Amino acid sequence: MVDIGMVGAGAAAAAATHVLDATVPDATVTVLEKSGGLCGRAATRRREGGYVYDYGANYVKADDERVVELLTETLDDDGLTDASAPVYTFDESGEVSPGRDADEHKWSYRQGLTQIAKRLFAGTDATVHRRTRVETVTRVGGAWRLRDADGDEWGPFDALLCTPPAPQTADLLADAVWDDEARAALVDAARAVDYRTVWTAVLGYGFRLDRPYYGLVNVDKEHPLGWVSREECKAGHVPAGESVLVAQANHEWSVERYDDDPATNVAALADHVASVVGDDRLADPAWTDHQGWRYALPEAGVDRGPLADAEAAGLYCAGDWVAGEARVHAALRNGLDVGERMAYGL
């Protein structure tokens, strides 16, 4: 019997679990997730009245053949939907131009992006414990043990996978009881990964917006609004005749206003959306939602040397910050790759 522990239940953890379940028949996988949901920033909410919206990551790109195979062949593709309309661009002045990725896939599910992790975990024998915040990591006698915020202990584990964003992984390991030079090196490497913060407003309207694009992206990063997209372009997400827009502020705006009154932030972003999209009605949404993502997008990947040294001790890391690309497909592929290395090392 091989016991494997995982911290975090995001896309990378789900992909790694998928590999381990298929390649290590005697493995027991225990996943501890601090939140009530799965799939990390590939997050979905639902609202009474038939609304489904992806309020973190917006979709999965078809930029990795193995991930494409995973989504379209390995997993059940029932409900897989493609937002086929293009992504346009806008600049600091708010001027919109036909843009990029017109023919690329932009996949989600009728039930939302979180279906990726839900389907991956459901296809395994892994046990996922939600609302379980890991606070202490200990290495004793060649095994890993965890303690959560309620004082409950987990383990021993033969291998441990950490998948939270780099700053949170660094904080967790900085206090770990693990007498190895690899620990300090990994903490320093994780702390060196810079992140972009994103404050998001979700704006619902009782009318259908008529535009030729799915989304708008600010290419010069000088506008307060970094991104806006139309959830109604995803089948099953928005009732007929209505619109739901996901508006993401740029990094500087998000950092400056992260702890401000949410209603004020939402109103400000709605005004920016109305100006850029060119429809004054958008300044007055019928309903709203919001979310702050302090560690939304890693700017670059982590130094691989400390990762390899930690893996020699049975501690692995995975996620978009390890892949070096802030995309769902990158996190999934990294999870698949790390899962294979874990299987080989057990």
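Residues numbered from 1 in each chain as written. Predicted model: local features only at pLDDT ≥ 70, side-chain atom pairs only at ≥ 80, totals over all residues. Heavy atoms only, no water.

## Considering the packing of aromatic side chains
Here's step 1: The tally for this structure, following the rule as stated, stands at ten aromatic pairs.
Here's step 2: Each ring, one from Tyr 205 and one from Phe 207, has its centre 5.4 Å from the other, and the planes form 45°; the classification is tilted. For the residue pair Tyr 205 and Phe 207, the accessibility class agrees, reading buried in each case.
Here's step 3: Relative to Trp 227, the ring of Tyr 214 lies with its centre 6.1 Å away and its plane at 65°, an arrangement referred to as edge-to-face. Of this pair, Tyr 214 sits in the loop between strand S14 (195-205) and strand S15 (215-218) while Trp 227 sits in strand S16 (residues 225-230); the two residues are 13 residues apart in sequence, bridging distant segments of the chain. Summarising the burial analysis for this pair, Tyr 214 and Trp 227 share the class buried.
Here's step 4: Through a chain of ring-to-ring contacts, the aromatic side chains of Tyr 51, Tyr 53 and Trp 287 assemble into a single cluster.
Here's step 5: Its end group placed over the ring of Phe 207, Arg 281 keeps NZ or CZ at 3.8 Å from the ring centre. (Phe/Tyr/Trp six-rings, centres within 6.5 Å; stacked < 30°, edge-to-face > 60°. Buried < 20%, exposed > 50% of the residue type's maximum accessible area, 1.4 Å probe, protein only. Helix = DSSP H or I, 4+ residues; strand = E, 2+ residues; numbered from the N terminus. Lys NZ or Arg CZ within 6 Å of the ring centre and 35° of its normal.)

## Considerations on the sheet that holds strand S12 (residues 153-157)
Adjacent strands of a sheet form backbone hydrogen bonds with each other and so pair up, either parallel or antiparallel.
Here's step 1: Spatially, S10-S11-S12 is the arrangement adopted by the three strands of the open sheet, whose pairing is antiparallel. Either end of the sheet is taken by a strand with one partner, and the two such strands are strand S10 (134-140) and S12. Between one strand axis and the next, the sheet turns through 15° on average, direction left out of account.
Here's step 2: Note that strand S11 (residues 143-148) and S12 share three bridges and pair antiparallel. The residue bridging Arg 147 from the neighbouring strand is Glu 153, located in S12. (Pairing = 2+ DSSP bridges. Axes fitted to C-alpha atoms, helices over the stretch in contact; angles between N-to-C directions.)

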